[in-house]
Amino acid sequence: TKCESGCVCADGLYENLDGRCVPAEECPCEYGGLAYGRGEQIQTECEICTCTKGKWKCVQKTRCSSTCNLYGEGHITTFDGQRFVFDGNCEYILAMDGCSVNRPISSFKIVTENVICGKSGVTCSRSISIYLGNLTIILRDETFAISGDNPGVRYKVKKNALHLMFDIIIPGKYNMTLIWNKHMNFFIKISRETQETICGLCGNYNGNMKDDFETRSKYVASNELEFVNSWKENPLCGDVYFVVDPCSKNPYRKAWAEKTCSVINSHVFSACHNKVNRMPYYEACVRDSCGCDIGGDCQCMCDAIAVYAMACLEKGICIDWRTPEFCREF
């Protein structure tokens, strides 16, 4: 309806993010707020995506893996990405197979045992038991113990300053990497060669987070507490009826928790902010830092930040966030 001064690209050319006119073949692609040039690739656990004419073309990997995280005072991210928090003083099944009615034989089971670690009643994952037939691996008190034997399972133990890592292969079924920071954080990375059903607090690993609250009785619970209570290893333990908010019980700690955890929102992690949503990790850090009020409060805070750093690393971004004065490596 009226003329406006300005420039347009000639036919067959398109404006790129720098304001230059380029042919379609040179159009960049965007992911997480960053621009990627023609032919550049990004990788997720299950896909390799290549930038082609301004659009991502993705190819499914032949072997796909996924990770379940248990960290801090009962924070869980399932294999399919569902997040929830629970406080329960009991043993709970994190993950196992043999869940279907037709094939109830289990080749692995991973159990977490929680203990009280704060006056407000919050719990921390302190002990992990891995059952592989007649082979048992117990992670407790910053070390591990192995008992029994299973010729059908291959495993390797690796150590560094911060972690114990277990590579476990159940031939024809699973490749697992278990990472424990010797305190409260535990990661289960699994790729499977069959469509065997998996169940437990880590969810059913079917690609759909909406049905992750599937109980032991095979129905989807209406809330996470009902779901968590169904996966108690010992039925004599009491049920969890509510989730404690440590910052409400310890308001005097909240300002300190928010200040120390703010490193997640700071320039230190800025390279990762567009790749991994930082808010759930910041909120978990504040919650845990409020709750660890019987010693170890700095450990709780550092563990929570380390989980965000690991999520960044999985996206290819390595953050050097520890210093001699802040969460130094012991």
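All residue numbers here refer to positions counted from 1 along the written sequence of the relevant chain. Per-residue local features are limited, in this predicted model, to residues with pLDDT of at least 70; the limit for side-chain atom pairs, both in listing and counting, is 80 or more; totals at the level of whole chains, interfaces and linings are taken over all residues. Think of the side-chain values as coming from all heavy atoms in the structure, minus any hydrogens and water.

A short note on the sheet that holds strand β7 (residues 55-60)
Our working definition: Strand pairing is assigned whenever DSSP identifies at least 2 bridges connecting the two strands. Comment: elements are numbered from the N terminus, with helices defined as DSSP H or I runs of at least four residues and strands as E runs of at least two. Lines fitted to the C-alpha atoms define the axes, with helices restricted to the stretch that makes contact. Angles between their N-to-C directions range from 0 to 180 degrees.
Strands sit in the order β5-β6-β7 across an open sheet of three strands; the sheet is antiparallel. If you trace the sheet from one side to the other, it starts and ends with β5 (41-43) and β7, each paired once. Going across the sheet, the axis of each strand differs from the next one's by a mean of 25°, ignoring polarity. Relative to strand β6 (residues 47-52), β5 runs antiparallel, the two sharing three bridges. The partner of Q43 across the bridge, within β6, is I48.

A word on the confidence of the model for the protein
Going by this rule: Every residue is assigned a pLDDT by the predictor, reflecting its confidence on a scale from 0 to 100.
Per-residue confidence for the protein gives a mean pLDDT of 86; residues scoring 70 or more make up 92%. Per-element confidence in the protein ranges from a low mean pLDDT of 78 for strand β4 (residues 34-36) to a high of 95 for strand β17 (residues 164-170).

Description of the side chain of H273
The condition that has to hold: Contacts described as polar in this section are N or O atom pairs within 3.5 Å, which, within protein, must combine one atom able to donate a hydrogen with one able to accept it, while residues neighboring in sequence count only if both atoms come from side chains.
Checked against the element boundaries, H273 lands in helix α4 (residues 270-273). Side-chain polar atoms of H273 contact the backbone oxygen of I264, separated by 2.8 Å.

Some points on the pattern of salt bridges
Short version of the rule: By definition, a salt bridge exists where a carboxyl oxygen of Asp or Glu is found within 4 Å of a side-chain nitrogen of Lys or Arg. Burial status follows relative accessibility: with a 1.4 Å probe on protein chains alone, a residue under 20% of its type maximum counts as buried, one over 50% as exposed, and anything between as partly exposed.
Using the criterion set out here, one finds six salt bridges in the structure. Between K232 and D239 there is a salt bridge whose closest N-O contact spans 2.6 Å. A residue is classified by how much of its surface remains accessible, and K232, at 11% relative accessible area, is buried.

Topic: the sheet that holds strand β16 (residues 154-159)
With antiparallel pairing, seven strands are arranged side by side in an open sheet as β10-β9-β8-β19-β18-β17-β16. Both outer strands of the open sheet, β10 (83-85) and β16, are each paired with one neighbouring strand and no more. Between one strand axis and the next, the sheet turns by 15° as a mean value, whatever way the strands run. Across three bridges, strand β8 (residues 65-71) lies against strand β9 (residues 75-77) in antiparallel orientation. Bridged to N69 within β9 is T77.

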